[in-house]
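Residues per chain are reported as follows:
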Amino acid sequence: MPDTVGGAAKLLVVGAFGVGKTTLIGSVSEIRPLRTEEPMTVASVGVDSLEGIENKTTTTVALDFGRVTLGDTVLYLFGSPGQQRFWSLWDGLAQGAIGALVLVDLRRLDDSFAVLDQLDTTLLPYVVAINVFPDTQLYADDEVRQALALPEAVVLHCDARHRRSSVDALITLVSHALTCLDAAEARI
Ligand SMILES: Nc1nc2c(ncn2[C@@H]2O[C@H](COP(=O)(O)OP(=O)(O)OP(=O)(O)O)[C@@H](O)[C@H]2O)c(=O)[nH]1
Ligand SMILES: [Mg+2]
């Protein structure tokens, strides 16, 4: 790595089907993101709901990968597929990560519970990022925490299409992950 790089960290971007994971990694990545998009076919009708995301024509079948440098730190971003049928990939994706950004679509909040359960198996620190769509009804952060049954969770709002907003979400995640790491070290 060049001398200008002070450190590097791996982050996960997770969330239910169609919440904007690929969009977020694409909006922040300084390299052309690696994508594994495949067209959605009639086979997914009735399985993957497109309610609220009617323009979506492809889905991630393995992972997204991107890179962004913030200050002197390089962040490697790994996005997971949204559907449970692809979750065998999670173990490899989570290895070595310091934290996870959990993207949530408040219009389809129920879809997020399975992701949060899966995330629990990794023991990674995470923050909940509400990806705001035009018809998203907004709630206070405490209401979101209550609805997700996560009273302690860090909650933020973002627009995954916009770099600044996505960068802010990642900064919040890194800061939270480092706080958790410090707390874990202090306990040793
Ligand atoms: N209005 C709005 N649309 C968004 C936003 N983020 C994503 N979209 C749209 O929502 C759709 C889903 O985005 P993706 O990035 O493919 O979602 P994903 O989570 O990667 O989906 P899967 O990998 O299939 O689970 C796309 O049509 C995006 O253009 C957002 O912040 N606002
Ligand atoms: Mg995707």
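Quick notes on the rules
Each chain carries its own residue numbering, running from 1 in the written order of its sequence. Naming scheme: in the order in which they are written, chains are lettered from A and ligands are numbered from 1. Local features in this predicted model are restricted to residues whose pLDDT is 70 or higher, and side-chain atom pairs enter the listing and the counts only when it is 80 or higher, whereas totals over whole chains, interfaces and linings include all residues. Only heavy atoms go into the side-chain values, all of them from the structure, while hydrogens and water stay out. Helix and strand labels come from DSSP, where a helix needs a run of H or I of at least four residues and a strand needs a run of E of at least two; each type is numbered from the N terminus. Throughout, radius of gyration means the C-alpha value; the globule benchmark is 2.2 Å times the number of residues raised to the power 0.38. With a 1.4 Å probe rolled over the protein chains alone, any residue whose accessible area is under 20% of its type maximum counts as buried; one over 50% counts as exposed, and the rest are partly exposed. Contact between two residues is taken to exist if any of their heavy atoms lie within 4.5 Å; hydrogens are not considered. We get accessible surface area from the Shrake-Rupley algorithm with a probe of 1.4 Å; when it comes to residues, only the shown protein chains can shield them. The positive count covers Lys and Arg only, the negative count covers Asp and Glu only, and His and the chain ends enter neither. To locate a charge, take NZ of a lysine, CZ of an arginine, CG of an aspartate or CD of a glutamate. Any carboxyl oxygen of Asp or Glu within 4 Å of a side-chain nitrogen of Lys or Arg constitutes a salt bridge here. Only nitrogen, oxygen and sulfur atoms qualify as donors, provided they sit within 2.8 Å of the metal or within 3.2 Å for Na, K and Ca; with water excluded from the atoms, sites may seem incomplete. Regarding the arc, it is the one traced by the directions from the helix axis to the C-beta atoms. Strands pair, by our definition, only if DSSP identifies at least two bridges between them. One heavy atom within 4 Å of a molecule or strand is enough for the residue carrying it to be called near that molecule or strand. Pairs of N or O atoms within 3.5 Å make up the polar contacts considered here, provided that, within protein, one atom can donate a hydrogen while the other can accept it, and that residues adjacent in sequence are counted only when both atoms are side-chain atoms. Points on a 1 Å grid, built from protein atoms alone, make a cavity when a 1.4 Å probe fits but cannot get out and make a pocket when they are open with protein on both sides within 12 Å along at least 5 of 7 lines; residues with an atom within 4 Å of a point are the lining residues. Should more than half of a molecule's atoms lie within 2 Å of a pocket's or cavity's grid points, that molecule is taken to sit in it. Residue type decides the class: Asp, Glu, Lys and Arg count as charged, Ala, Val, Leu, Ile, Met, Phe, Trp, Tyr, Cys and Pro as nonpolar, and the leftover types, Gly among them, as polar.

Describe the overall build of the protein, naming the residues involved and giving the relevant values.
Scanning the protein from terminus to terminus reveals 5 helices and 8 strands. When the helices and strands of the protein are placed in sequence order, the string is β-α-β-β-β-β-α-β-α-β-α-β-α. In terms of overall dimensions, the protein is globule-like: its C-alpha atoms have a radius of gyration of 16 Å, near the 16 Å expected for 188 residues. Along the first, second and third principal axes, the C-alpha set of the protein runs to 50 × 35 × 30 Å. The buried share of the protein, reckoned over its 188 residues, is 48%. Contacts in the protein between residues far apart in sequence, at least 24 positions, make up 73% of those at least 6 positions apart. Taken as a whole, the protein presents about 9,800 Å² of accessible surface, with 54% of it coming from carbon and sulfur. Within the protein, the 24 negative side-chain charges are centred at a point lying 6 Å from the centre of the 14 positive side-chain charges.

For the pattern of salt bridges, give the residues involved together with the corresponding values.
What the rule picks out here adds up to 9 salt bridges. For Asp159, the salt bridge identified is with Arg161, shortest N-O distance 2.6 Å. The partner of Asp168 in a salt bridge is Arg164, with the nearest N and O atoms 2.7 Å apart. Taken together, the residues span about one helical turn, with Asp168 and Arg164 both in helix 5 (residues 163-187) at a distance of 4 residues. Here the residues in one salt-bridge network are Asp105, Arg107, Arg108, Asp111 and Asp135, joined through shared partners.

How would you explain the coordination of the magnesium ion (ligand 2) if you had to name every residue and give the values?
For a metal with four tetrahedral donors the ideal donor-metal-donor angle is 109.5 degrees, while six octahedral donors give ideal angles of 90 or 180 degrees. Within the first shell, the magnesium ion (ligand 2) binds the protein through Thr22 (OG1) and Thr60 (OG1), at distances of 2.0 Å. Taken together, the positions of Thr22 in helix 1 (residues 21-28) and Thr60 in strand 3 (residues 58-60) put the pair 38 residues apart, joining distant regions of the chain. On the accessibility criterion, Thr22 (15% relative accessible area) is buried.

Let's hear about helix 3 (residues 112-120): which residues, and what values?
One turn of the α-helix equals 3.6 residues, which is why residues spaced by three or four share an orientation. If you check which residues of helix 3 are buried, you get Ser112, Val115, Leu116, Gln118 and Leu119. One side of helix 3 holds all its buried residues, which, seen down the axis, span an arc of 160 degrees. Turning to helix 3, the residues buried within the fold contact strand 1 (7-15), helix 2 (90-94), strand 6 (97-104), strand 7 (126-131) and helix 4 (141-148).

Please give an account of the pairing of strand 4 (residues 64-70) that cites residues and values.
Both strand 4 and strand 5 (residues 73-79) contribute to a ladder of 7 bridges, which runs antiparallel. Residue pairing for strand 5: Thr69 is matched across the bridge by Val74. Hairpin connection of strand 4 to strand 5: 2 residues between the antiparallel strands, including Gly71 at a positive phi of 65 degrees.

Give me the site of ligand 1: which residues, what numbers.
With respect to spatial proximity, 20 residues lie near ligand 1, and among them Lys21, Thr22, Thr23, Thr59 and Asn131 are the closest. One of the side-chain nitrogen or oxygen atoms of Thr60 is found 2.9 Å away from an oxygen atom of ligand 1. Protein contacts shield 87% of the accessible area of ligand 1, which totals 650 Å² for the unbound molecule. Given that more than half its atoms are within 2 Å of the pocket grid, ligand 1 belongs to the largest pocket. Residue assignment for the shell around ligand 1 shows that the elements contributing at least two residues are helix 1 and strand 3. Ranked by residue count, the leading element in the shell around ligand 1 is helix 1, at 3 residues. Classifying every residue of the shell around ligand 1 by side-chain character gives 8 nonpolar, 8 polar and 4 charged.

Functional significance is not addressed by these values, which are geometric in nature.
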